[in-house]
Amino acid sequence: MSEQHELIRETAERVFSDLCTKELVDSAEAGEWPTGLWTTLAETGLPLVGLSEEYAGSGGDTSDMLAVLREAGRFCVPLPLAETYLAGRLIEQCGGQIPAGPMTVATGNFTLSGGRLSGHAQSVPFARDCETIVVPVGDGETSAIAILPRSDAEIERRRNLAGEARDGIVVNGARAPILTTSSDPREDLLVWGAMTRSVMMSGALSSVLEMSVSYALERAQFGRPIAKFQAIQQQLAVLAGEVAASLRAADSLLSADPDVLDIAIAKSRIGEAVAPSTEIAHQVHGAIGYTLDHALNLRTRRLWCWREEHGNEAWWQRRLARGFIEQGPDRLWPGIAALA
Amino acid sequence: MFQGLTFEAVELPANTRALRDEVRAFLAEAMDPDELPNSDFNTGDSLAFSAALGGRGWIGMTWPEVYGGGGRSFLERYVVTEELLAAGAPVWAHWIADRQTGPLLLKFGTEEQCQRFLPPITRGECFFSIGLSEPNTGSDLASIRTSAKPVSGGWLLNGSKIWTSGAHMNHYVLTLVRTEPPSENRHAGMSQFIVDLHDKNVTVKGIRNLSGDADFNQVFFDDVFVPDDMVVGEPGNGWQQVMSELSYERSGPERFLSSFRVLVEYMREVGDSPDPGQQALIGKLIAQLVTLRRMSISVAGMLSDGKLPDTEAALIKDLGNTFERALPEMIRLQMPDGPSMRMLDTLNQCMLHAPSFTLRGGTREILRGMIARGLGLR
Ligand SMILES: Cc1cc2nc3c(=O)[nH]c(=O)nc-3n(C[C@H](O)[C@H](O)[C@H](O)COP(=O)(O)OP(=O)(O)OC[C@H]3O[C@@H](n4cnc5c(N)ncnc54)[C@H](O)[C@@H]3O)c2cc1C
């Protein structure tokens, strides 16, 4: 990885560890937009990393942004960082200029008629907080995105089980700017979205392991740290295996321009790590880890949400299998060996 | 982050591509089409196959050419190994000599030992067993009792080893024995001997595993004379020598490919129109397998850079063994119409060997203990 890449990652880590406290995440979950955190990040240009300066992005490549998102996952950053990137990338792909401020993306049922956008979507991340909502409106013939100002959408406030804003939106004949593209923006959003969630989960998982190991070394029962009990050691070893596999799967996305197969592998493998990892982490933490006050649940609740978003494990597994099934059993190994 | 959890991406060098093709072409010729392929390294041996492989220069590939080796890289060896396993080739006969004995002799053996043993190993003509476990010594290897006393020109060996795989068909066993009485330092006073399995004072008794195969054995040493030139490395240094090879033994593709052929047959079984559950299962197993393979190649890269990734290797073996044991269990439940005969045979063969996956080469619990140490818990 280049020096530039490491610098971006370190900047993200520093800002998040300074500002993204438990209290801040709690207040965000309670509905308060973290203005200070966003402003600080915007000053560093981090929200638009990975997007070309030509289109008003901050420059850098996809892997730089994924490094930021992995840190965001570690620290449970309560901002639409992935969504801002996804919206920006869709706009960039259409040759549009990326607006400032937080953005989000919406997939749902939308139609374009006479230049007017109508439709609705569920679970739009942070819709209430974003100035701009990017909506893919491919209808088979034309592929396009609508740049919808939030003021043109009706917002129904909802939250996922991690307390992250996942709003319903309804749009009735809004005159939103339309940008056309030769690509399929729905598909792009799904693939890139799965990529962002994969690295975010890998970050949160590594943090779950760190917390669990530290806790096992601190907490004493029967006159010694619980880390000294073999039952605890064996559980944490399993957790470490899940986390190591997740980090490796995520690294395949960070290394180059990730292939859709790598994204499918990552979303599947990392999503699968969530159940055993969160189970072990909570078990090792005992009752304190089950409290709202303890920071463990910030990670575990997010993991339970993120594994579902942009296609869960089963969805991506079927997608991954498709090509291999077409090739047939005797091409399975060559196909696997070809994935460097 | 913690020690032992970083698996950097390692790309296989470009020259492995042609090599991979060569191995595939060789396998297309050399494999017996009437045998059901089995990707468990420990099941399936053929002297003719080992000799043919040696003839191609694919045993002892990384060893110096003066000893008949190929002078090739560790990653090139990795490619050959994984191709053989994935195809379900009968690799067992030469496996231990190639993976373990050769590298150990190169590291600790004398010039004479290298000249004597390595060339026939590379030709696929000389096979070794590993003699570590004993009736009262399993995971706690330092508790071995088989011992040797110095005598004129060598040592007199007494005791017994058990679970010695292949001892009934191999030429030698590389044993770990006590050459000094136990002391406060439990790891001191052990040595490694090469023992001729055809010595008149060595008795090999087959033990049948639950599949009915008699691949492992109990080996009895009854006043066996071991000449000094069959001692490997420094007398007393046996423990360190054995430990130094564990990463090689634990991180390779044989630690997650044992049940791979079950997946291949399963894909044949479901054809081109699997139901959604079958399709997801195939994708799930591929995603796990690719990730394991990438981690394993990463460790191969560390090993070829001269690092000692013990925790990483333990982690791969644990994850890999878990995968290869779970695979047949998941597949058997996703065949609503029942398996075909070929599928059933493949599955059965795997089921009967699966209990050994998480035992041989270090049990799951011992590996997890090593990972826990890497995490700083002990
Ligand atoms: C197919 C096969 C081939 C083999 N081939 C060879 C060979 O060629 N040469 C050779 O030397 N050996 C061989 N072995 C033996 C193998 O190395 C041992 O089985 C292994 O080291 C475990 O020893 P054990 O079977 O005596 O089990 P034990 O050590 O008695 O263990 C029994 C159970 O207790 C657990 N346990 C033990 N100690 C601890 C601990 N400290 N903490 C937690 N749990 C613990 C183990 O994990 C296991 O679950 C082979 C084994 C198999 C199955």
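On a predicted model such as this, the values are computed, not experimentally measured, just so you know. (Residues numbered from 1 in each chain as written. Chains lettered and ligands numbered in written order. Predicted model: local features only at pLDDT ≥ 70, side-chain atom pairs only at ≥ 80, totals over all residues. Heavy atoms only, no water.)

A. Local environment of the confidence of the model for chain B. Put simply, chain B has an average pLDDT of 96, and 100% of its residues get 70 or more. Two summary scores accompany this predicted model of the complex, namely pTM at 0.97 and ipTM at 0.97. (pLDDT = per-residue confidence, 0-100.)

B. Representation of the domain arrangement of chain A in the model. Residues and elements named next belong to chain A. Its domain assignment divides chain A into domain 1 (1–79), domain 2 (101–182) and domain 3 (186–337). Domain 1 and domain 2 are separated by 23 Å when their C-alpha centres are compared. Buried area between domain 1 and domain 2, summed over both chains or domains, comes out near 620 Å², and the portion from carbon and sulfur atoms is 62%. Ranking the residues of domain 1 by area buried against domain 2 places Glu29, Trp33 and Trp38 at the top, with a combined share of 67%. For the interface between domain 1 and domain 2, the tally reads 0 salt bridges. (Domains from an automatic or database assignment. Buried area = accessible area lost by both parts, 1.4 Å probe. Salt bridge = Lys/Arg side-chain N within 4 Å of Asp/Glu carboxyl O.)

C. Structural view of the environment of Arg342(B). For Arg342(B), the location among the structural elements is in helix H11 (residues 341–357). Here Glu265(B) takes part through its side chain, which lies 2.9 Å from a polar atom of the side chain of Arg342(B). (Helix = DSSP H or I, 4+ residues; strand = E, 2+ residues; numbered from the N terminus. Polar contact = N/O pair within 3.5 Å; in protein donor to acceptor, adjacent residues only side chain to side chain.)

D. Highlighting unusual backbone geometry. All names here are of chain A. Even without a glycine there, the phi angle at Ala56 is positive, about 75 degrees. The phi dihedral of Ser123 is positive, around 50 degrees, even though this residue is not glycine. Among the secondary structure elements, Ser123 is positioned in strand E3 (residues 116–125).

E. View of the pattern of salt bridges. Counted by the stated rule, this structure contains 38 salt bridges over all chains. Here Arg128(A) and Asp167(A) are joined by a salt bridge, their closest N and O atoms 2.6 Å apart. Here Asp167(A) lies in strand E7 (residues 166–174) and Arg128(A) lies in the loop between E3 and strand E4 (132–136), a separation of 39 residues in the sequence. Comparing Arg128(A) with Asp167(A) shows no difference in burial state: the two are buried. The salt bridge partner of Arg20(B) is Glu83(B), with a shortest N-O separation of 2.6 Å. One end of the pair, Arg20(B), is in helix H1 (residues 15–30); the other, Glu83(B), is in helix H3 (residues 74–87), and 63 residues separate them in sequence. Where salt bridges share partners, they join Glu29(A), Glu83(A), Glu164(A), Arg166(A), Arg197(A), Arg301(A), Arg302(A) and Glu309(A) into one cluster. (Buried < 20%, exposed > 50% of the residue type's maximum accessible area, 1.4 Å probe, protein only.)

F. Spatial organisation of helix H7 (residues 230–255) of chain A. Taking 1.5 Å of rise per residue, 26 residues should cover 38 Å, and H7(A) covers 37 Å from first to last C-alpha, within 8% of that figure. The buried fraction of H7(A) is high, at 21 of 26 residues. (Expected span 1.5 Å × (residues − 1).)

G. Inspection of the packing of aromatic side chains at higher detail. Within the structure shown, the criterion is met by 15 aromatic pairs over all chains. Seen in terms of ring centroids, Trp333(A) and Phe260(B) are 5.5 Å apart; in terms of plane orientation they differ by 75 degrees. Their pairing is edge-to-face. Of the two residues, Trp333(A) is situated in helix H11 (residues 332–337) and Phe260(B) in helix H8 (residues 260–270); the pairing between them involves two chains. Phe260(B) shares its class with Trp333(A); the two are buried. Ring geometry for Phe26(B) and Phe49(B): centres 5.7 Å apart, planes at 55 degrees, overall tilted. On the criterion of sequence distance, the pair formed by Phe26(B) in helix H1 and Phe49(B) in helix H2 (residues 47–55) is long-range, its members being 23 residues apart. (Phe/Tyr/Trp six-rings, centres within 6.5 Å; stacked < 30°, edge-to-face > 60°.)

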